[in-house]
Amino acid sequence: MNSRRLSAVGCRLMAIPERRINKFVETLKTLLKQKATNLRIHSITATSEAGSGHPTTCLSAADIVSALFFHTMRYDTNDAQNPNNDRFILSKGHAAPLLYAAYAEAGIIPDEKLSTLRQIDSILEGHPTPRFEWTEVATGSLGQGLSLGLGMALNGKFLDKSDYRVYVLLGDGETAEGGVWEAAALASHYQLNNLIGIVDVNALGQSQRTMYAFDIDTYCQRFEAFGWQTIGINGHNFDEILSALDQAKTSADRPTMIVAKTFKGKGVSFLENADNWHGKAIAKGEPLDKALAELGPLNLEPVQIEAPTAVNSGAGRAATECEPPDYPSDEDVATRGGYGTGLAKLGTANPNVVALDGDTKNSTYAEQFMDLHPDRYFEMFIAEQNLVGAGIGLAKRGKIPFVSTFAAFLSRAYDQIRMSAISQANIKYAGSHCGVSIGEDGPSQMGLEDIAMFRAIPGAVVLYPSDAVSAERLVAEAAAHEGIVYLRTSRPKTSILYDADEKFPIGGCKVIRQSSEDTLTVVAGGVTVHEVLKAHQMLAAEGITIRVIDLYSVKPVDAETLKAAAADTNKTLITVEDHYPEGGLGDAVLDAVATEDIRVHKLAVTGIPRSGKPEELLEHHGISANAIVQKVKDVTAV
């Protein structure tokens, strides 16, 4: 039976006798109830087979998921990436067995696949990841799903201008996360009527009752205060579920949050609303047999899902070459300025590039993109977790998002950043105001951990330009690279080092000073490259020559060039960085040459900085030209 065709008939109820209307509604509810039962059976049998998992949270949301997957949502069961599919995000990712069960019932995966849940060679992992292609974003680190959905909804409404809707299923416990409310505020601000959330209020967290238990009114009032349409329902009553989902579709200018009271473990007497069952599978044997007997038989009647009607999509538009950098050789320009100029040019060259910023666009210079491409710029305000989450959502809809703020503030969204890797997102991060070189603003504004943060992300690229030309070129390189890229930019204006036609491939570096008489090699990035060049002149005046490497690609690092330089310069390297010593540029160099007989000496920021002039702070923390000169003399004197 095709539930979507039943729904289509329901759109013409005015022309149908009441008796037939009632029969239609009852038939639909009977089908959905059976599908919900199937979802519950699959969820508890799969977790029992795995010996672990979260079956009770699957049971609480089974009726809601049945209504969504087999009545409300439009999606092409043959194409997970159809740009016009309605999107579904399981923010309460521990209910993954329920998600997989829904796709099995939709005929997308075979039922027998469910028994591979949580096995090492299975695509059906304990929490959803894109290894299963119908999972667009990884979830399970709670409180992030609404931001992901917001990004997808922004894409649908403003970029692709598609009529798809985004459905996000949240747990009640995760609404304590601040990221949920960052997303709630932005969704209302952008009037995302194509974003529909459902909170599964089963009142049981992992270790105790949730903050508001079954107080549906309080949940509704909280979302209403953020500008949402809210609908409180009994999450096990199909009349109320279907009515709420239909009402959500009628909103003209507001997102909708359906707040559903449910019972954890619904349908199994010894689980229902019972404590201490979170994250526990039902044991095989008598307990499982009893649960299955209470749920009733599994009905394998197939359901056909209506595929969405094709509409125009912004995805797949061709990119062209960026205009080259154009700076007078005697002009001083901050690398953050090069980032802004390069991003604006990239936006002209590639219509899939979008930019997001957290109310720092006049400091990161993302405002240059906004000025030229206002329809592809999204202001996320001071809410960095949502800034990143929305960027991931946009990336999963085929856009190339550049997410910018101060490097220090990206640390607030580190969980979202690491989840972007698990989501396999093609997203670019730009952190400005790195290091003590920002000066008087003081330590709270100084990004001194950011290289270490992004080096720890699997597969991430870390780029650190030293002048505006390299900054522009690296923006284009970041966009061309598939995956996560972090671009570190600085506040001070610095001289132009490179010609406009210079190339900066990911994984490379630049040997910018060298001779056959070099006593050692100094490796730096960003502003410290300029300090090393000053030191090079000071040392040359004393008859000491050093090799200088601009390590603009910190990850991946050009190990061969580093080894070759060390081999030519007494097997000695000094690294200089405006970053803490742990995990930064120096450690990247150490990792690259660790198996060689090469000595590496690190100069980096130690201790908690304070306010001061940039040159004072570089001197105080031992990364100035004077400090480099002294270190070279100390090392060569040994």
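Okay, so let's go over this structure. (Residues numbered from 1 in each chain as written. Predicted model: local features only at pLDDT ≥ 70, side-chain atom pairs only at ≥ 80, totals over all residues. Heavy atoms only, no water.)

**Comments concerning the overall build of the chain**
Okay, step 1: Along the chain, the regular secondary structure elements total 22 helices and 19 strands.
Okay, step 2: Taking 638 residues into account, the globule formula puts the C-alpha radius of gyration at 26 Å, and the chain, at 28 Å, falls close to it.
Okay, step 3: The principal-axis extents of the C-alpha atoms in the chain amount to approximately 100 × 50 × 40 Å.
Okay, step 4: Looking at the chain as a whole, 60% of its 638 residues qualify as buried.
Okay, step 5: Look at the contacts in the chain between residues 6 or more apart in sequence, and 79% of them connect residues 24 or more apart. (Helix = DSSP H or I, 4+ residues; strand = E, 2+ residues; numbered from the N terminus. Rg over C-alpha atoms; globule rule 2.2 N^0.38 Å. Buried < 20%, exposed > 50% of the residue type's maximum accessible area, 1.4 Å probe, protein only. Contact = heavy atoms within 4.5 Å.)

**Points about the layout of surface pockets**
Leftover empty space is mapped by rolling, across the atoms, a probe with the size of a water molecule.
Okay, step 1: Its boundaries defined by the atoms lining it, the largest pocket holds a volume of some 480 Å³.
Okay, step 2: In terms of lining, the largest pocket is formed by 27 residues, of which the most central are L142, G173, E174, G205 and Q206.
Okay, step 3: Here the residues of the lining of the largest pocket sort into six nonpolar, 15 polar and six charged. (1 Å grid on protein atoms, 1.4 Å probe; cavity = no way out; pocket = protein on both sides within 12 Å on 5 of 7 lines; lining within 4 Å. Points joined across faces, edges and corners; volume = space filled by probe spheres on them. Nonpolar A, V, L, I, M, F, W, Y, C, P; charged D, E, K, R; others polar.)

**Brief notes about the sheet that holds strand β8 (residues 377-379)**
Okay, step 1: Taken together, the seven strands give an open sheet; going across it, the order is β8-β7-β9-β10-β12-β11-β17, and neighbouring strands pair in mixed fashion. The sheet terminates laterally at β8 and β17 (553-555), the two strands that pair on one side only. Ignoring which end each strand starts from, the neighbouring axes of this sheet average 20 degrees apart.
Okay, step 2: Across the sheet, helix α13 (residues 384-395) lies against β7 (353-357), β8, β9 (400-406) and β10 (428-432), angled at about 170 degrees from β9, the strand it touches most. (Pairing = 2+ DSSP bridges. Axes fitted to C-alpha atoms, helices over the stretch in contact; angles between N-to-C directions.)

**Some points on the packing of aromatic side chains**
Okay, step 1: Per the stated rule, a full pass over the model turns up 22 aromatic pairs.
Okay, step 2: Residues F158 and F378 carry aromatic rings whose centres are separated by 6.2 Å and whose planes lie at 55 degrees to one another, so their mutual orientation is tilted. With a gap of 220 residues between them, F158 in helix α5 (residues 145-159) and F378 in strand β8 connect regions that are remote in the sequence.
Okay, step 3: Note on F378: relative accessible area 3%, which makes it buried. (Phe/Tyr/Trp six-rings, centres within 6.5 Å; stacked < 30°, edge-to-face > 60°.)

**Some thoughts on the pattern of salt bridges**
Okay, step 1: Across all of its chains, the model carries 30 salt bridges by this definition.
Okay, step 2: Across the salt bridge formed by R397 and E136, the nearest N and O atoms sit 2.9 Å from each other. Separated by 261 residues along the polypeptide, R397 in the loop between α13 and β9 and E136 in the loop between α4 (96-105) and α5 bring together distant segments of the chain. Note on accessibility: R397 and E136 belong to one class, buried.
Okay, step 3: With a closest N to O distance of 2.9 Å, E542 and K633 form a salt bridge. Residue E542 is located in the loop between α18 (527-540) and β16 (547-550), and its partner K633 is located in helix α22 (residues 625-637); the two are separated by 91 residues in the primary sequence.
Okay, step 4: Since its relative accessible area comes to 47%, E542 is described here as partly exposed. (Salt bridge = Lys/Arg side-chain N within 4 Å of Asp/Glu carboxyl O.)

**Looking at empty space enclosed by the protein**
Okay, step 1: Applying the stated rule across the entire model yields three cavities of 30 Å³ or more.
Okay, step 2: Of the voids in this model, the largest cavity is the one considered here, and its volume is about 110 Å³.
Okay, step 3: Forming the boundary of the second largest cavity are F88, I89, L90, L99, Y103, P128, W134, T135, E136, V137 and T139.
Okay, step 4: Every element with two or more residues in the lining of the second largest cavity is listed here: β1 (87-90) and α4.
Okay, step 5: The class makeup of the residues in the lining of the second largest cavity is eight nonpolar, two polar and one charged.

**A word on the nonpolar core**
Okay, step 1: Counting 77 residues, the largest nonpolar core has L146, L195, L356, M380 and Y429 as the members making the most contacts within it.
Okay, step 2: Considering every element that reaches this core, the biggest residue donor is α5, with seven residues.
Okay, step 3: Those residues in contact with L356 that lie beyond four places of it in its chain are Y377, F378, M380, L387, A390, G391, L394, P401, F402, V403 and S404.
Okay, step 4: A67, L98, F238 and L288 belong to the second-largest nonpolar core, a separate cluster that totals 61 residues. (Core = buried A, V, L, I, M, F, W, Y, C linked by side-chain atoms within 4.5 Å.)

**Let's talk about the side chain of T256**
Okay, step 1: Examined against the element boundaries, T256 turns out to sit in strand β5 (residues 256-261).
Okay, step 2: The class of T256 is buried, set by a relative accessible area of 0%.
Okay, step 3: Not counting chain neighbours up to four residues away, the residues in contact with T256 comprise L195, I196, G197, W228, Q229, I231, A248 and S251.

**Considering the state of the cysteines**
Okay, step 1: Under the definition given, this model contains zero disulfides.
Okay, step 2: You can see C434 has no disulfide; the closest cysteine sulfur is in C509, sitting 19 Å from it. (Disulfide = S-S within 2.5 Å.)

**Digging into the environment of A413**
Okay, step 1: By the element assignment, A413 lies in the loop between α14 (407-410) and α15 (414-422).
Okay, step 2: Placed 234 residues apart in sequence, A413 and G179 show a C-alpha to C-alpha distance of 9.3 Å.
Okay, step 3: Filtering out sequence-adjacent residues up to four positions away, A413 remains in contact with E384, Q385 and V388.

**A word on the environment of V354**
Okay, step 1: Within the secondary structure layout, V354 lies in strand β7.
Okay, step 2: The exposure class assigned to V354 is buried, which follows from its relative accessible area of 0%.
Okay, step 3: In sequence terms V354 and L394 are 40 residues apart; their C-alpha atoms lie 8.5 Å from each other.
Okay, step 4: In this view, V354 contacts L159, F369, R376, L394, K399, I400, P401 and F402; residues no more than four positions away in its chain are not counted.

Shape descriptors only; they carry no functional weight alone.
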